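Structure at a glance
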Amino acid sequence: MLDIKPIVEAPGAEDYLCLFVGSEVVVSLRRSPEDIWMRHEAESIFGTQAVGEPMGYWCGRPCYALEVDQQQINAMEHTKGHLLTLFGRVSAAAFATYGRALQMLSWRRDHQFCGRCGSATEAADAGKALACGACGLTAYPRLHPCVIVAVGRGDELLLAEAAGGRTGFHSTLAGFIEPGETAEEAVIREVREEVGLTVSNVRYFQSQPWPFPSQLMLGFFADYVAGEITVEPSEIARAGWYRKGHEPRVPPPASIAGQLINHFYASH
Ligand SMILES: [Zn+2]
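Just so it is clear, the model here is predicted, and its values are computed rather than measured. Per chain, the residues get numbers from 1 upward, laid out in the order the sequence is written. pLDDT decides what is reported in this predicted model: residues at 70 or higher carry local features, side-chain atom pairs at 80 or more are listed and counted, and totals for whole chains, interfaces and linings draw on all residues regardless. Computation of side-chain values covers all heavy atoms of the structure but excludes hydrogens and water.

This brings us to the nonpolar core. Take the buried residues of types Ala, Val, Leu, Ile, Met, Phe, Trp, Tyr and Cys, join any two whose side-chain atoms come within 4.5 Å, and each joined set is a nonpolar core. Buried residues are those whose accessible area, probed at 1.4 Å on protein chains only, stays under 20% of the maximum for their type, while exposed residues exceed 50% and partly exposed ones sit between those limits. Core analysis: the largest hydrophobic core is formed by 26 residues, its most contacted members being C18, L83, L86 and Y98. Mapped by element, the contributors of at least two residues to this core are strand 2 (16-21), strand 3 (24-28), strand 5 (53-58), strand 6 (61-67) and helix 2 (92-110). Only DSSP runs of H or I with at least four residues qualify as helices, and only runs of E with at least two residues qualify as strands; both kinds are numbered from the N terminus onward. The greatest single-element share of this core, amounting to 8 residues, is contributed by helix 2. Only heavy atoms matter for contacts: two residues are in contact if any of them lie within 4.5 Å across the pair. If near-sequence neighbours (up to four positions away) are discounted, L86 is found in contact with V25, V27, P33, F95 and Y98. Counting residues in each nonpolar core, the second largest holds 19 residues, with L158, A183, A186 and V195 among its members.

Rendered as structure tokens:
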């Protein structure tokens, strides 16, 4: 897995590099994307000389994120695509590493200029921050904490299909945490807003980074207390209570939604 800490050695030929063109990840067609590129490959294949954004250590060696030139992509040898295409195809650790790379590159691209005074920023704090020399503002990569919650009513689980039906899944409810709100309060508010139900006994499960663009999904369980399902149509197409074995199509087990669902049914 990725060990996030400052890189102490000089860039070397065997550093690992997560390569992107814009927001699309670049992988080799000749091997698994689990095998992250090395610097000597990036230099010889893609002609890049830039060091890249330091990310930490992958499998004990320095790891960087780097953008390469689209012109260097050879369709017979490499492919580029949305990072989600790797979800479930690579280990959770490798996916998190690619996700960190995508977020670091997006953050650098989107914070080239100070949001307060408009001057150019430069790397600070060993590459962990971007600082403005003119006004002193320091910007760290931004994360967006979200809650995702499995609501239980006895042995029934609340599952909902998002408005727009883009995924074809019924899933657990999720939403962004508002400024000034605890994660537990966000769970209670989101369930009330999206399906009109009152829940209590909010308990933390586990978390998952979700780099689209920069969410941290905080998983919870909660218990139904009162109310009839009344969906908010701008967010939810349909929702219902499902017993084990009768659930509709749900997200894959690699996702925190899938893990919440599996964990609920395994314990009821
Ligand atoms: Zn500034």
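To continue, consider helix 3 (residues 183-195). For helix 3, with 13 residues, the first-to-last C-alpha span of 18 Å sits near the 18 Å given by 1.5 Å per residue. Looking only at helix 3, the buried set comprises A183, A186, V187, R189, E190, V191, E194 and V195. Residues of helix 3 that are buried make contact with strand 11 (144-153), strand 12 (156-162), strand 13 (173-176), strand 14 (198-210), strand 15 (215-226) and strand 16 (236-242). Following helix 3 by one or two positions, G196 adopts a phi angle in the positive range, close to 75°. What a helix should span is 1.5 Å times the count of its residues minus one.

Attention now goes to the domain arrangement of the protein. Boundary definitions for the domains trace back to an automatic or database domain assignment. Each domain of the protein was delimited in the assignment, giving domain 1 (2-110) and domain 2 (144-266). Taken over C-alpha atoms, the centre of domain 1 sits 32 Å from the centre of domain 2. Each side of the interface is counted separately: domain 1 has 9 residues, and domain 2 has 9 residues. At the boundary of domain 1 with domain 2, total buried surface from both sides reaches about 680 Å², with 85% on carbon and sulfur atoms. Any Lys or Arg side-chain nitrogen found within 4 Å of a carboxyl oxygen on Asp or Glu counts as a salt bridge. Remark: the boundary between domain 1 and domain 2 carries 0 salt bridges. In the analysis that follows, any N or O atom pair within 3.5 Å is treated as a polar contact, provided that within protein one partner can donate a hydrogen and the other can accept it, and provided that, for residues neighboring in sequence, both atoms belong to side chains. The tally of links between domain 1 and domain 2 comes to 0 residue pairs in polar contact (both at pLDDT 80 or more). Buried area is a sum: the accessible area each of two parts loses on coming together, probed at 1.4 Å, counted once for each and added.

Turning our eyes to something else, we now look at the coordination of the zinc ion. For Na, K and Ca the donor cutoff is 3.2 Å, while for all other metals N, O and S atoms count as donors only within 2.8 Å; water does not appear among the atoms, so some sites may look incomplete. Donor atoms from the polypeptide that bind the zinc ion are C114 (SG), C117 (SG), C132 (SG) and C135 (SG), placed at 2.3 to 2.4 Å. Between the 4 donor atoms coordinating the zinc ion, the angles at the centre fall across 100 to 116°, so the site counts as tetrahedral. Sequence positions of the donors to the zinc ion reduce to the motif C-x2-C-x14-C-x2-C. Of this pair, C114 sits in the loop between helix 2 and strand 8 (121-124) while C132 sits in strand 9 (residues 129-132); the two residues are 18 residues apart in sequence, bridging distant segments of the chain. Site shape is set this way: if four donors have all angles between 85 and 135 degrees, tetrahedral; if opposite donors are over 155 degrees apart and all others between 65 and 115, square planar for four donors and octahedral for six; otherwise irregular.

A pair of Phe, Tyr and Trp rings is counted when the ring centres sit within 6.5 Å of each other, with Trp represented by its six-membered ring. The angle between the planes then sorts it: under 30 degrees is stacked, over 60 is edge-to-face, the rest tilted. Per the stated rule, a full pass over the model turns up 10 aromatic pairs. A ring pair is formed by Y204 and F220, whose centres lie 5.6 Å apart and whose planes are at 70°; its orientation type is edge-to-face. Taken together, the residues span a long stretch of sequence, with Y204 in strand 14 and F220 in strand 15 at a distance of 16 residues. A relative accessible area of 3% means that F220 is categorised as buried. With 5.7 Å between their ring centres and 75° between their planes, F264 and Y265 make a pair best called edge-to-face. The same class applies to F264 and to Y265, which are both buried. Each residue in the set F87, F95, W210 and F212 is aromatic and connected to the rest through ring pairs, giving one cluster. Only Lys NZ and Arg CZ are tested; either one counts as a charge over a ring when it is within 6 Å of the ring centre and within 35 degrees of the ring normal. Sitting over the face of the ring of W37, R31 holds its NZ or CZ atom 5.0 Å from the ring centroid.

A full pass over the atoms with the stated rule returns 15 salt bridges. Of the charged contacts in the structure, one is a salt bridge between R243 and E156, with a shortest N-O distance of 3.9 Å. Taken together, the residues R243 in the loop between strand 16 and helix 4 (256-266) and E156 in strand 12 connect sequence positions 87 residues apart. Judged by relative accessible area, which is 43%, R243 ranks as partly exposed. Here E190 and R189 are joined by a salt bridge, their closest N and O atoms 3.3 Å apart. Classification of E190 as buried rests on a relative accessible area of 7%. Taken together, the shared-partner salt bridges connect R153, D155, E156 and R243 into one network.

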